[in-house]
Amino acid sequence: MSHLPQNRAAWNRLAENRSQFTKLATDEECRNPLQTLDSRGWLPASVEGKSVLCLASGGGWQSILYAAAGARVTVVDLSNKMLQLDEQEARRRGLQVKIVETSMDDLSMLHEAEFDIVHQPVSTCYVPDIEAVYREIARVLRPGGLYISQHKTPTSLQITHRDQQNRYVIGLEYYQQGALPKVEDRAYREDGATEYLHRWDQLVGGLCRTGFVIEDLREPLRADPSAPVGHFRYRGRFVAPYVRIKARRISEDTGKQESSSLWVP
């Protein structure tokens, strides 16, 4: 699959160039890791001893914070250079972090019901089939386990450019097939990466269809009225670029019981 080597190379370049996505966890952040990870209060009060999968989140930040909070951490990423940052930072801080290099839609090397929490930053846009990712997460997450994720919104990925009045133009079709083409507006696109648009029925409905119940949904604020035209925070005034979802893995028995008790006209 051509998107895998292309995306690996793109993220290896970002890791080597120390982009904004490879910000290592600071000492201050590690002193209060759960507050750093979770300003919304979605995580339990303690993750001490819990098994946490940091999915597609290499770069020396998320895995380090969870490990500093006492969790048993596995970090998965397609980019070996991003994972090197996790490995180096964990060694420097004397933390234990398990490193796994694979695509987010292939977790075959991980055991069924192995994790209490799966935490995934923005990354599902790099695979064509988001429900394949959800199915893998459902398999490795224990019943009642927590899945926290963030995704690019479809409308944000449809934007191609600004017109002469600095209005953002939705130039790509909603029912886009295949990889997204290169566009003029790059505010929320990563150079060199192959990306895919996932519709709301795939982002949200697909999560429900693969055994999850959604407990909360937020749109992180990326708008700034003082930002200059063309800045990503100027763009954020008009289209929310991201959606954050808190979901809970339900057991198959629970799902069957609830389904059987529903009355459908």
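Residues numbered from 1 in each chain as written. Predicted model: local features only at pLDDT ≥ 70, side-chain atom pairs only at ≥ 80, totals over all residues. Heavy atoms only, no water.

### Details of the UniProt feature "domain: Methyltransferase type" (unreviewed entry) in the protein
Then, number 1: Using the residue numbers shown here, the UniProt feature "domain: Methyltransferase type" (unreviewed entry) corresponds to residues 53-148.
Then, number 2: Span residues 53-148 is 33% helix and 29% strand, its end C-alpha atoms 11 Å apart. (UniProt positions renumbered as here; feature names shortened; annotations may be inferred. Helix = DSSP H or I, 4+ residues; strand = E, 2+ residues; numbered from the N terminus.)

### Quick notes on the side chain of His 198
Then, number 1: When you line up the elements, His 198 lands in the loop between β7 (168-170) and α8 (200-209).
Then, number 2: His 198 sits in the buried class, given a relative accessible area of 4%.
Then, number 3: Among the polar contacts made by the side chain of His 198, one reaches the main-chain carbonyl oxygen of Thr 124 at a distance of 3.0 Å.
Then, number 4: A polar atom in the side chain of His 198 sits 3.0 Å from the backbone oxygen of Val 127.
Then, number 5: Setting aside chain neighbours within four positions, we find His 198 in contact with Thr 124, Cys 125, Val 127, Pro 128, Asp 129, Ile 130, Pro 154 and Leu 203. (Buried < 20%, exposed > 50% of the residue type's maximum accessible area, 1.4 Å probe, protein only. Polar contact = N/O pair within 3.5 Å; in protein donor to acceptor, adjacent residues only side chain to side chain. Contact = heavy atoms within 4.5 Å.)

### Considerations on α8
Then, number 1: Of all the residues in α8, the buried ones are Gln 202, Leu 203, Gly 205, Gly 206 and Leu 207.
Then, number 2: Its buried side turned inward, α8 meets α6 (130-140), β5 (141-152), α7 (154-158), β8 (212-218) and β9 (242-249).

### With respect to the pattern of salt bridges
Then, number 1: A full pass over the atoms with the stated rule returns 21 salt bridges.
Then, number 2: For Arg 92, the salt bridge is made with Glu 89, and the minimal N-O distance between the two is 2.7 Å. With Arg 92 and Glu 89 both in helix α5 (residues 80-93), this residue pair falls three residues apart, about one helical turn.
Then, number 3: With a closest N to O distance of 2.8 Å, Arg 167 and Asp 163 form a salt bridge.
Then, number 4: For Asp 163, a relative accessible area of 23% puts it in the partly exposed group.
Then, number 5: Here the salt bridges do not stand alone but share partners, grouping Asp 27, Glu 89, Arg 92 and Arg 93 into one network. (Salt bridge = Lys/Arg side-chain N within 4 Å of Asp/Glu carboxyl O.)

### Remarks on the packing of aromatic side chains
Then, number 1: With the rule as written, the count across this model stands at nine aromatic pairs.
Then, number 2: With centroids separated by 5.8 Å and ring planes inclined at 80°, the aromatic side chains of Trp 11 and Tyr 126 adopt a geometry described as edge-to-face. Taken together, the positions of Trp 11 in helix α1 (residues 3-16) and Tyr 126 in the loop between β4 (115-120) and α6 put the pair 115 residues apart, joining distant regions of the chain.
Then, number 3: Classification of Trp 11 by relative accessible area gives buried; the value is 13%.
Then, number 4: With a centroid separation of 5.6 Å and an interplanar angle of 85°, the aromatic rings of Tyr 188 and Tyr 242 are classed as edge-to-face. In this pair, Tyr 188 sits in the loop between β7 and α8 while Tyr 242 sits in strand β9, placing the two residues 54 residues apart along the sequence. (Phe/Tyr/Trp six-rings, centres within 6.5 Å; stacked < 30°, edge-to-face > 60°.)

### Some details on α5
Then, number 1: Between its terminal C-alpha atoms α5 stretches 20 Å, which fits the 20 Å expected from 14 residues at 1.5 Å a residue.
Then, number 2: Every buried residue belonging to α5 is among Met 82, Leu 83, Leu 85, Asp 86, Glu 89 and Ala 90, and all of these are buried. Seen from one end, α5 has its buried residues packed into an arc of 145°, which puts them on one side. Exposed residues on α5 whose side chains face more than 90 degrees from its buried face are Arg 91 and Arg 92.
Then, number 3: Packed against the buried residues of α5 are α1, α4 (62-68), β2 (72-77) and β3 (97-101).
Then, number 4: Following α5 by one or two positions, Gly 94 has its phi on the positive side, about 70°. (Expected span 1.5 Å × (residues − 1). Arc of directions from axis to C-beta.)

### A look at the nonpolar core
Then, number 1: Leu 53, Leu 55, Leu 110, Val 118, Ile 137, Tyr 147 and Phe 212 are the most contacted members of the largest nonpolar core, which has 25 residues in total.
Then, number 2: Sorting the residues of this core by element identifies β1 (51-55), β4, α6, β5, α8 and β9 as the ones contributing at least two each.
Then, number 3: Broken down by element, this core gets its largest block of residues, six residues, from α6.
Then, number 4: Setting aside its immediate chain neighbours within four residues, Phe 212 contacts Tyr 134, Ile 137, Ala 138, Leu 141, Tyr 147, Leu 207, Ala 247, Arg 248 and Arg 249. (Core = buried A, V, L, I, M, F, W, Y, C linked by side-chain atoms within 4.5 Å.)

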